[in-house]
Each structure stands twice: as C-alpha cells, then as structure tokens.
Amino acid sequence: MANQIIRNRNEDLKGLGITADQADTLLFFQSGSNRSAVDLKQHLGVTHQAARAVIERMVTKGLLQTRVSQSDARYREVSLTPRGLELLDIMRENCTHTGNQLLSSMTAADKEKFVSLITQALDNLGVSGQADGSLTKIQNRGIEK
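Thresholds applied
- Residues numbered from 1 in each chain as written.
- Predicted model: local features only at pLDDT ≥ 70, side-chain atom pairs only at ≥ 80, totals over all residues.
- Heavy atoms only, no water.
- Salt bridge = Lys/Arg side-chain N within 4 Å of Asp/Glu carboxyl O.
- Helix = DSSP H or I, 4+ residues; strand = E, 2+ residues; numbered from the N terminus.
- Buried < 20%, exposed > 50% of the residue type's maximum accessible area, 1.4 Å probe, protein only.
- Phe/Tyr/Trp six-rings, centres within 6.5 Å; stacked < 30°, edge-to-face > 60°.
- Lys NZ or Arg CZ within 6 Å of the ring centre and 35° of its normal.
- Contact = heavy atoms within 4.5 Å.

I tried to follow the pattern of salt bridges on my own but got confused; where do I start?
Two side chains that carry opposite charge are able to pair once their charged atoms sit near each other. Across all of its chains, the model carries six salt bridges by this definition. For the salt bridge of D24 with R9, the shortest nitrogen-to-oxygen distance reads 2.4 Å. Of this pair, D24 sits in helix α2 (residues 20–30) while R9 sits in helix α1 (residues 2–16), and the two are 15 residues apart along the sequence. For D24, a relative accessible area of 25% corresponds to the partly exposed category. Among the ionic pairs, E56 bridges to R52, the shortest N-O distance being 3.6 Å. A residue pair is termed a helical-turn pair when its members lie 3 or 4 positions apart in one helix, as E56 and R52 do in helix α4 (residues 48–60) at four residues.

Here it is, written out as structure tokens:
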C-alpha cells in the first residue's frame, strides 16, 4: 500500500513539474512564516547547502520568494508565492483523490477501524504526534488547508 501511495504521489508531482523534496518544501513553508533554509534543513534532514539549493530552484520556478529578515540582515526568510500557493491547492486535490480512493469501498465502521489501526501502528513506531485519529487527515494524507 505504501509503495502504491508513493507511486501515485510521484506521478502527481511529475505532472506538476516538481520533485518530492520540492513538494515537501512547499508543505513546510505553507505552515509557518519567518522560516529559513536552516529550518528546512532540519525538517528535511539534509545539509544546509542542499536546503539552499532546493529553495533556489524553487525561487527560479516562481514557487518561493526570499527576503532579508527585518530583525537580522544575515537571515533570509522564505515564503510561498501565489504560484506556490496554487500548486499547493492542486496537490491537495490530488491527495484528497488518493485518500478517497483508498477508503472508497470501506463502510463507516471499517474506516474508523482503519484509522484506529493506523494510529496504533504509528504510535508503535514512535510517531504518535503524527497520528491524530482523524479520518479527514488520512484522506488528505496530512495536508492541512
């Protein structure tokens, strides 16, 4: 199941002209302001140079913009452009479709059981903060609006 979800994601992203790292970067920067390459580096678990390279490629594509911080001129804040926000909306639609497809033939009781088991499995793996027991979150594959 995980492999098929990954294949679906990669196919959707390929059609949008971005990589998985770039999609994860869009998701990261949508959820907060005043974030930088240092924050992205920690989130993705990559080097500072790799984080900067992803940001630079996305600035070139018109998906992100950078500006010098008001509080520290050495710090460059990164934010989404209108095109980046538009791409996020498309990604949400694609993910909602995949989530709905995954759950389509399940009864309401089956869906609740599935969510409970997924939550328990994530708890067992030590990622309990990511499992909130929400069917909507499973359907949307964790993408917040």
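Could you clarify how one ought to interpret the packing of aromatic side chains in this entry?
Per the stated rule, a full pass over the model turns up one aromatic pair. Residues F28 and F29 carry aromatic rings whose centres are separated by 5.1 Å and whose planes lie at 75° to one another, so their mutual orientation is edge-to-face. Across the pair, exposure class does not vary: F28 and F29 are buried alike. For R35, the ring lying beneath its charged end belongs to F28, and the centroid distance is 4.1 Å.

Is there a simple way to explain the environment of L16 in this structure?
Take L16: it is sitting in helix α1. The spacing of L16 and M91 is 75 residues in sequence and 8.6 Å in space, taken between C-alpha atoms. Ignoring any residue separated from it by four or fewer positions in sequence, one finds L16 in contact with L87, I90, M91 and N94.

What is the right way to read the side chain of S79 from this model?
Mapped onto the elements of the fold, S79 is located in strand β2 (residues 76–80). Those residues in contact with S79, other than ones at most four positions away along the chain, are L63, L64, Q65 and R67.

So, to be careful, I would describe these as geometric facts and stop short of saying anything about function.
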